[in-house]
Structure formats: C-alpha cells, structure tokens
Amino acid sequence: MSDFDQMGLVIDWVDACRKGDLATLLDLYADDAKLECTCNGTQIYRGRRELETYWGPKLSAFSSAGFGLEEIQPAQSGIDLEYSIAGALRIRASFCFSAEGKIHSTLCEPAQQGSHNCRAC
C-alpha cells in the first residue's frame, strides 16, 4: 500500500461537502468505489455515476443547511467521521481506502442523536 494521509483525504472530503463541490468530491473516490448508506434503509451505490446520483442532491442541501465536523478518528480499517447537518442531524461515516490513495468504500449511518433527536434520517 502506498503511503498517503488518510485523515487529510477525509478532511478534503469534508471541505468538498461544505463547499458543495461535487466534482472535487467525486475525484476523491476510486473509480470502483462503493458507498453504502443506511440512513433511510440500506442503499448501495457503486462507481462514479451512481455516487454522483447519490451526492448531487445532498451537497446542495448540506451547503445551505450547514455541514459540521463533529469528530474524526483513525479506525482499524481506515477513518471514522461524525458530521452534522444543520447543527442537529448527526451522521457517522466510515471510510476505507485504495492503495492509490482514493476512497474505496464509505458506510454512512445515523449517529446517536443529541437531546433534540432529529428524525430526518
């Protein structure tokens, strides 16, 4: 495996989400990347085209509602991230990486919500 900054790559992912920059976000993923989202039932997206279908509508909502970094830490298989939307809805995302330094897979799921428990997920 080549040596690259996994944490830095996820920070770049956060920055692209905050800016609503779909092209930059997609460039962070490997060509054969997989995203599994369990926020509203389990949905799986594979490859750039399906990732674009997933992320396109979400990014505009994120940038207008506010996208906050809550926690980021190394994990056994990559990086775990918790972020918030509009300061309330919290999402946990786990990232695994390719040898080329791209995001190979992402699993996102609702995180433990705060006392104001948002049911948007």
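Predicted model, so just to flag it, every value in this text is computed and none were measured. (Residues numbered from 1 in each chain as written. Predicted model: local features only at pLDDT ≥ 70, side-chain atom pairs only at ≥ 80, totals over all residues. Heavy atoms only, no water.)

(A) Local environment of helix α3 (residues 47-65). Here α3 is 19 residues long and its end C-alpha atoms lie 27 Å apart, about the 27 Å a rise of 1.5 Å per residue gives. Along α3, the sharpest change in direction is near 35° and occurs at tryptophan 55; proline proline 57 comes one to four residues later. Buried within α3 we find Gly47, Leu51, Tyr54, Trp55, Leu59 and Phe62. The first or second residue beyond α3 is glycine 66, which carries a positive phi of 105°. (Helix = DSSP H or I, 4+ residues; strand = E, 2+ residues; numbered from the N terminus. Expected span 1.5 Å × (residues − 1). Bend = angle between axes of the 7 residues up to and from the residue. Buried < 20%, exposed > 50% of the residue type's maximum accessible area, 1.4 Å probe, protein only.)

(B) Quick peek at the packing of helix α1 (residues 6-19) against α3. Two numbers describe how α1 lies on α3: the axes approach to 7 Å, and their chain directions differ by 75°. Considering the angle they form, α1 stands roughly perpendicular to α3. Taking contact as the criterion, the partners of Trp13, Cys17, Arg18 and Lys19 in α1 are, on α3, Trp55, Leu59, Phe62 and Ser63. Per-class residue counts for the contact of α1 with α3 are 5 nonpolar, 1 polar and 2 charged. (Axes fitted to C-alpha atoms, helices over the stretch in contact; angles between N-to-C directions. Parallel < 35°, antiparallel > 145°, perpendicular 65-115°, else oblique. Contact = heavy atoms within 4.5 Å. Nonpolar A, V, L, I, M, F, W, Y, C, P; charged D, E, K, R; others polar.)

(C) View of the pattern of salt bridges. Overall, the coordinates contain 4 salt bridges when judged by the stated rule. Glutamate 70 is the salt-bridge partner of arginine 90, the closest N and O atoms lying 3.4 Å from each other. In this pair, arginine 90 is assigned in strand β5 (residues 89-97) and glutamate 70 in strand β3 (residues 67-75), connecting sequence segments 20 residues apart. The exposure class assigned to arginine 90 is partly exposed, which follows from its relative accessible area of 23%. Judged by relative accessible area, glutamate 70 falls into the partly exposed class, the value being 36%. One salt bridge in this structure joins glutamate 82 and arginine 90, with 2.6 Å as the shortest N-O distance. What makes glutamate 82 buried here is its relative accessible area of 12%. When salt bridges that share partners are traced, they join Glu70, Glu82 and Arg90 into one network. (Salt bridge = Lys/Arg side-chain N within 4 Å of Asp/Glu carboxyl O.)

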